[in-house]
Amino acid sequence: MRRTPTCVLSDAAPPEISNGHAVDRFVEIGSFTKVVTGTALTRMAAAGVLALDDPVERWLPAIPGTGITLLHLARHTSGLPRLPPRLARRDPYAAFDRDALHHLLNRLDTLATRPPGHEEEYSNLGYAILGEALTAASGTTYEELVTEYVLRPLDIAEVTARPDPSRLLATPGLLGRPRRPWTMHGAILPAGGLWATPRAAADLLVRLLVEHRLGNPAPSWQTAGPLHWHNGATRDASLFAGAMDDGRWVLIHRLNGASQDTDRAGIEVLKRSRTDS
């Protein structure tokens, strides 16, 4: 059986590390990337670079008249499907580059499954388009804009699309051989392609949701009563990050673990911290 390296960081206890995980090695954070993208959107809007209600076609060569705005993309209410069409199975996002994304922009009216602004449907495609719009508005790359608007103001450095190979935490496969990660640094990057150390991901969570260093939470966060949370999953990694209104928080990262089990483990940590307090 494959090992399941696990890292648990929270306000309630010292870090819990097992099966070879580490707080200071880079790991995939999957869709937790969306929190960074959504925060960049709100920060750019606050700076007057763009407006939350800008239609997609203001910044990208998209077909006009769909009614899809940047805020719809951030809230998953654009009506766009979860995934881009015709992804490969082995490395699904490897061929989904900028040209492939722009090829879809003139088809947004036919790709959308419902009118924007009504129902939520979680969409990696929507966040890929949002990230491309942010880069167009900023005139920089995605990594440059999130560094300027999110990471540097939060004093966080260990988040990147291309980590130093010597600092990667490899996912153990069968017989202990490391597994090769998916290719996520193309157009899908703003939806799920960032890497971070667990301590940097925890710093993001705390400085955004507990300390509110950049204002109110971005529309990327999911909510359930007093809980703000987001998760992330790739083929080999899963993450859960959540914070309560009273300041309790947890971040769990696992390799080779089912994402739903990682989510449940995070909720259990928050429940125990309430009982212990």
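In the block above lies the structure referred to throughout.
Remember, predicted model here, so these are calculated numbers, not experimental data.

(A) Up close: the environment of Ala137. For Ala137, the position within the fold is in helix H6 (residues 124–138). For the pair Ala137 and Val27, spaced 110 residues apart in the sequence, the C-alpha separation amounts to 29 Å.

(B) Molecular detail of helix H9 (residues 198–210). Helix length check: H9 (13 residues) gives 17 Å between terminal C-alpha atoms against 18 Å at 1.5 Å per residue, within 8%. With ten of 13 residues buried, H9 is to be regarded as a mostly interior element. Along H9, the residues that are buried comprise Pro198, Ala200, Ala201, Ala202, Leu204, Leu205, Val206, Arg207, Leu208 and Leu209.

(C) Structural detail: the pattern of salt bridges. Per the counting criterion, the structure on display carries 13 salt bridges. For Arg207, the salt bridge goes to Asp203, with nearest N and O atoms at 3.6 Å. You can see Arg207 and its partner Asp203 sitting in helix H9, four residues apart, about one turn around the helix. A salt bridge links Glu268 to Lys271; the nearest nitrogen and oxygen atoms lie 3.8 Å apart. Linking Glu268 with Lys271, this pair stays in helix H10 (residues 259–276), spanning three residues, or about one helical turn.

(D) Quick look at the packing of helix H7 (residues 142–154) against H9. Between H7 and H9, the shortest axis-to-axis distance is 10 Å and the interhelical angle comes to 95°. Here H9 runs roughly perpendicular to H7, going by the angle between their axes. Two secondary-structure elements touch here, H7 through Val150, Leu151 and Leu154 and H9 through Leu204, Arg207 and Leu208. Of the residues that constitute the contact of H7 with H9, the class distribution is five nonpolar, no polar and one charged.

(E) Layout of the environment of Glu57. Examined against the element boundaries, Glu57 turns out to sit in helix H2 (residues 56–59). Taking relative accessible area as the criterion, Glu57 reaches 26% and is therefore assigned partly exposed. In contact with Glu57, not counting residues within four places along its chain, are Ala62, Ile63, Pro64, Gly65 and Thr66. Polar contacts involving the side chain of Glu57 include one to the main-chain amide nitrogen of Gly65, which spans 3.4 Å.

(F) Highlighting the packing of helix H4 (residues 98–105) against H6. Running from amino to carboxyl end, H4 crosses H6 at an angle of 105°, the nearest separation of the two axes being 11 Å. Judged by the inter-axis angle, H4 sits roughly perpendicular to H6. In this structure, H4 uses Arg98, Leu101, His102, Leu104 and Leu105 to contact H6, whose residues at the interface are Leu125, Ala128, Ile129 and Glu132. Here the residues of the contact of H4 with H6 sort into six nonpolar, one polar and two charged.

(G) Structural detail: the pairing of strand E11 (residues 249–255). Burial analysis of E11 places seven of its seven residues in the buried class, the great majority of the element. By the alternation rule, side chains of E11 split into Trp249, Leu251, His253 and Leu255 and Val250, Ile252 and Arg254, which are all buried. Sheet topology note: the strand E1 (residues 6–10)/E11 ladder contains five bridges and is antiparallel. By the bridge assignment for E11, Thr6 is matched with Arg254. Taken together, the seven bridges between strand E10 (residues 237–244) and E11 define a ladder with antiparallel strand orientation. Counterpart to Ala243 in the pairing with E11 is Trp249. Hairpin connection from E10 to E11: four residues lie between these consecutive antiparallel strands, with Gly247 at a positive phi of about 100°.

Parameters at a glance
Residues numbered from 1 in each chain as written. Predicted model: local features only at pLDDT ≥ 70, side-chain atom pairs only at ≥ 80, totals over all residues. Heavy atoms only, no water. Helix = DSSP H or I, 4+ residues; strand = E, 2+ residues; numbered from the N terminus. Expected span 1.5 Å × (residues − 1). Buried < 20%, exposed > 50% of the residue type's maximum accessible area, 1.4 Å probe, protein only. Salt bridge = Lys/Arg side-chain N within 4 Å of Asp/Glu carboxyl O. Axes fitted to C-alpha atoms, helices over the stretch in contact; angles between N-to-C directions. Parallel < 35°, antiparallel > 145°, perpendicular 65-115°, else oblique. Contact = heavy atoms within 4.5 Å. Nonpolar A, V, L, I, M, F, W, Y, C, P; charged D, E, K, R; others polar. Polar contact = N/O pair within 3.5 Å; in protein donor to acceptor, adjacent residues only side chain to side chain. Pairing = 2+ DSSP bridges.

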